[in-house]
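# Structural description and commentary
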Amino acid sequence: MNRKTFIKKTTGALLVALPAYSILSCSNDDSTNGNPDIDPSARDCTANGANAITISRNHGHTLIVPKADIDAGVAKEYSIQGGSGHNHNVNLTADHFAALKANNQITVESTSGSAHRHDVTVACA
């Protein structure tokens, strides 16, 4: 095989492998920065804020919602990039903040990126 053929084949393999790796890197791990095992009666959004207790197919994404945002109750967009190599956003509405203020958990869908999206469950800390 000559150099030109080698370069063409290597480039072609990379063009196929990189998108496949990106899609496969989304594991089935739903873990995140929150503790899903906290007793629900001990959770308090207005005192402690909130965070994601699960992010579907997680690979480094995180979300923390400060208590000041819950108090304000105004729609806001959050980045969940965390330690991941790419970003997604989640949008929390005034209704979401009202639910959090009442110490209820919510589930929202992230934006799509890198050929996938995530379901993010947010609960009081």
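Below, the structure is looked at part by part. (Residues numbered from 1 in each chain as written. Predicted model: local features only at pLDDT ≥ 70, side-chain atom pairs only at ≥ 80, totals over all residues. Heavy atoms only, no water.)

## Topic: the pattern of salt bridges
Applying the stated rule across the entire model yields three salt bridges. Across the salt bridge formed by Asp-69 and Lys-76, the nearest N and O atoms sit 3.1 Å from each other. Since its relative accessible area comes to 14%, Asp-69 is described here as buried. Lys-76 gets classed as partly exposed once you look at its relative accessible area, which sits at 37%. Put simply, Arg-117 and Glu-109 hold a salt bridge, and the shortest N to O gap is 3.5 Å. Judged by its relative accessible area of 26%, Arg-117 is partly exposed. A single salt-bridge network, built from bridges that share partners, covers Glu-109, Arg-117 and Asp-119. (Salt bridge = Lys/Arg side-chain N within 4 Å of Asp/Glu carboxyl O. Buried < 20%, exposed > 50% of the residue type's maximum accessible area, 1.4 Å probe, protein only.)

## Regarding the side chain of Thr-121
For Thr-121, the location among the structural elements is in strand S6 (residues 119–124). When its relative accessible area of 12% is taken as the criterion, Thr-121 is described as buried. With residues up to four places along the chain from it excluded, the contact list for Thr-121 reads Asn-51, Ala-52, Ile-53, Thr-54, Gln-105, Ile-106 and Thr-107. (Helix = DSSP H or I, 4+ residues; strand = E, 2+ residues; numbered from the N terminus. Contact = heavy atoms within 4.5 Å.)

## Structural notes on the nonpolar core
If you look at the biggest cluster of nonpolar residues, it comprises 19 residues, and the most contacted ones within it are Leu-63, Val-65, Leu-92, Leu-100, Val-120 and Val-122. Among the secondary structure elements, those contributing two or more residues to this core are strand S1 (50–55), strand S4 (89–92), helix H4 (94–101), strand S5 (106–109) and S6. Excluding anything up to four places from it in sequence, Leu-92 contacts Val-65, Ala-75, Lys-76, Tyr-78, Phe-97, Leu-100, Ile-106 and Val-108. (Core = buried A, V, L, I, M, F, W, Y, C linked by side-chain atoms within 4.5 Å.)

## Some remarks on the environment of Asn-48
Tracing the backbone shows Asn-48 in helix H2 (residues 45–48). Look at Asn-48 and you get partly exposed, because its relative accessible area is 47%. Placed 76 residues apart in sequence, Asn-48 and Cys-124 show a C-alpha to C-alpha distance of 7.1 Å. Non-local contacts of Asn-48, meaning those with residues more than four positions away in its chain, are made with Lys-67 and Ala-125. Within the structure, Asn-48 has its side chain in polar contact with the backbone oxygen of Ala-125 (distance 3.1 Å). (Polar contact = N/O pair within 3.5 Å; in protein donor to acceptor, adjacent residues only side chain to side chain.)

Scope: geometric values only; no functional claims are made or implied.
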